[in-house]
Amino acid sequence: LSATSGLIPALLGLLLGNALQLQQVTLWSAENYLLGLVVGLLLLGLNLRLRPTVWRQTVLGIAFVMLAFSSTGWRAQQFGSQALAPALEGRDIAVTGVVATMPQHFEGGLRFRLDVENASLDGQPLRLPKRLELGWYAGVYARGDGAGEALGELQRLPAPLQAGERWRMTVRIKAPHGGINPHGFDYEWWQWEQGVQATGYVRAGPRDPAPVWLAQTWQRPVQWARGQVRDQILLRLADTDAGGLIAALVVGDQAAIERADWDVFRATGVAHLMSISGLHITMFAWAAALALGWLWRRSNRLCLRLPAPSAALIGGIALATVYALFSGWGVPAQRTVLMLATVGGLRLLGLRWPWPQVWLLACAVVVAVDPWALLQAGFWLSFVAVGVLFASDAGQHQGTSWKSRLLAMVREQGVITAALAPLTLVLFGQVSLVGLLANALAIPWVTLVVTPLAMLGALLPPVWTGVAWTIRVLVSWLEVLASWPAAVLALPQAPWWAGAAGVTGGL
């Protein structure tokens, strides 16, 4: 597809098809979705026989609508077919599995995800969803949910789990459920996005079989390494309140940040900086590309094999992918890596498309890989921000002097703030009125000072002590802004037409 013969209809069709499927209240059968795929392919074949006219572009768009709608529906149907059987809810099930992720500690114990290898109920093997999210609670766990457990039971203390360990334990699980308050957080959908179809807890009471450690496997080496680094950070900075934030920036452990700190970050509009976000990964890719390009140019032989700009681009994206993997490979990180790979691929191919086509292609690639990204607030905020920067052509306002570059940075932040404020109100019901002031310092401070030094600490742990000081400087500034009487504007959820008008006005 060339940029002029049907790229736009194809990309719009892909996005529209996915959006339509996500509105389905009830999934169809797998056969119906396969039929839709066949129809889409037939329309695609018909399109190749038509002349390059508006009619041909219309057929192409419809073909991609059918393909996207059917493929997303089929994927959802296949995933949904692996759901937990209702008869297994609330039963004591013996499972053997591998700890799949870095355990998250909280006041009442720890949470972790377990990849199930085998399971049995009353000695009979059974099938469970592939991944469980479990809690291992300490002390007296609530009231219990079985006969004779009205007062709760004293649980065995959680073991120091590590990713990659194989355990045998007894669990009690259920399908993910959450409140369905209008405009509230959809817990069930979030677990779907994470690939989790059953949640529960480890049965570790005095009458339950004790969980048994079986072996240390090497099936999750990245997750294991993340846990080791996180534990070192929290141990070294145990006497400060900056350890949680450093752990979030280095290994993506957002649960390590205190609730009070999150309140300050949200009130000042900098919450997007306090975890592994698209901005961090993009800045890492940019810095890695600069360093690799400089090193590549030192060798004539390497430059003759591959031009330095191409080597820097490939290496920067590759190292950014490694960073995203080490940070936990969260959905925002995946989305950013796909965007970088898409734009980098166009550049390597020598294609210079207009910005709307580049923007649409990046959106379509992300949605094709993860159709449910369309339901995420972060998806809309990140792509609208990128689109606004493209449309405002921020690059043409950058000069060579430090003064002109500083003014360009202020202008870019002002443009993004104005454009995203209505969208933030629509998605979250509140917007920070001090966000421009907060981000003016927080963005360069976190991306150019705090995060690089925090990552350097993985090699030189004493550096983390200095990073804690840089964080205290930033948090002190943010706490002053958050204490202002009108720091946050909160409004009732707007009807769709008012929200659409507000977002259009912001753009």
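None of these values were measured; they are calculated from a predicted model.

Scoring rules and cut-offs
- Residues numbered from 1 in each chain as written.
- Predicted model: local features only at pLDDT ≥ 70, side-chain atom pairs only at ≥ 80, totals over all residues.
- Heavy atoms only, no water.
- Core = buried A, V, L, I, M, F, W, Y, C linked by side-chain atoms within 4.5 Å.
- Buried < 20%, exposed > 50% of the residue type's maximum accessible area, 1.4 Å probe, protein only.
- Helix = DSSP H or I, 4+ residues; strand = E, 2+ residues; numbered from the N terminus.
- Contact = heavy atoms within 4.5 Å.
- Axes fitted to C-alpha atoms, helices over the stretch in contact; angles between N-to-C directions.
- Left-handed = near helix turned anticlockwise from the far one by under 90°.
- Nonpolar A, V, L, I, M, F, W, Y, C, P; charged D, E, K, R; others polar.
- Phe/Tyr/Trp six-rings, centres within 6.5 Å; stacked < 30°, edge-to-face > 60°.
- Lys NZ or Arg CZ within 6 Å of the ring centre and 35° of its normal.

Trainee: Just checking my understanding: could you explain the nonpolar core for this structure?
Mentor: One recurring pattern in soluble globular proteins: nonpolar side chains tend to sit buried together. By size, the foremost hydrophobic cluster in this structure holds 36 residues, and its most contacted members are Ile233, Ile246, Phe265, Val270, Met274, Ile471 and Leu478. Of all the secondary-structure elements, those providing two or more residues to this core are α5 (221-236), α6 (243-251), α7 (259-267), α15 (435-456) and α16 (463-482). At eight residues, α16 tops the list of elements feeding residues into this core. Once you skip the residues sitting within four places of it in the chain, Leu478 turns out to touch Val264, Phe265, Thr268, Val270, Met274 and Ala438.

Trainee: What am I meant to see in the environment of Leu481 here?
Mentor: Checked against the element boundaries, Leu481 lands in helix α16. By relative accessible area, Leu481 is classed as buried at 0%. Linking Leu481 and Val59, residues 422 residues apart in sequence, is a C-alpha distance of 54 Å. Other than its neighbours up to four places away in sequence, Leu481 contacts Thr268, Val434, Leu437, Ala438 and Ala487.

Trainee: How do you make sense of the packing of helix α1 (residues 7-21) against helix α3 (residues 54-80) when you look at a structure like this?
Mentor: The packing of two helices is summarised by the inter-axis angle and the distance between the axes. Contact geometry for α1 and α3: axes closest at 7 Å, N-to-C directions at 35°. Taken as a pair, α1 and α3 cross one another with a handedness that is right-handed. Two secondary-structure elements touch here, α1 through Pro9, Ala10, Gly13, Leu14, Leu16, Gly17, Asn18, Leu20 and Gln21 and α3 through Gln57, Leu60, Gly61, Phe64, Val65, Ala68, Phe69, Thr72 and Gly73. A breakdown of the residues in the contact of α1 with α3 according to their chemical character gives ten nonpolar, eight polar and no charged.

Trainee: What should I look at first to understand the packing of aromatic side chains in this one?
Mentor: How two aromatic rings sit relative to each other is set out by the distance from centre to centre and by the angle between their planes. Within the structure shown, the criterion is met by 16 aromatic pairs. Measuring from centroid to centroid gives 6.3 Å for Phe185 and Trp190, while their planes differ by 55°, and the two rings are tilted. Owing to a relative accessible area of 55%, Phe185 belongs among the exposed residues under this scheme. With a centroid separation of 4.7 Å and an interplanar angle of 50°, the aromatic rings of Phe379 and Phe383 are classed as tilted. Within this pair, Phe379 and its partner Phe383 are both found in helix α13 (residues 377-392), separated by four residues, close to a single helical turn. On the accessibility criterion, Phe383 (2% relative accessible area) is buried. Here Arg111 stacks its cationic end above the ring of Phe106, 4.0 Å away from the centre of that ring.

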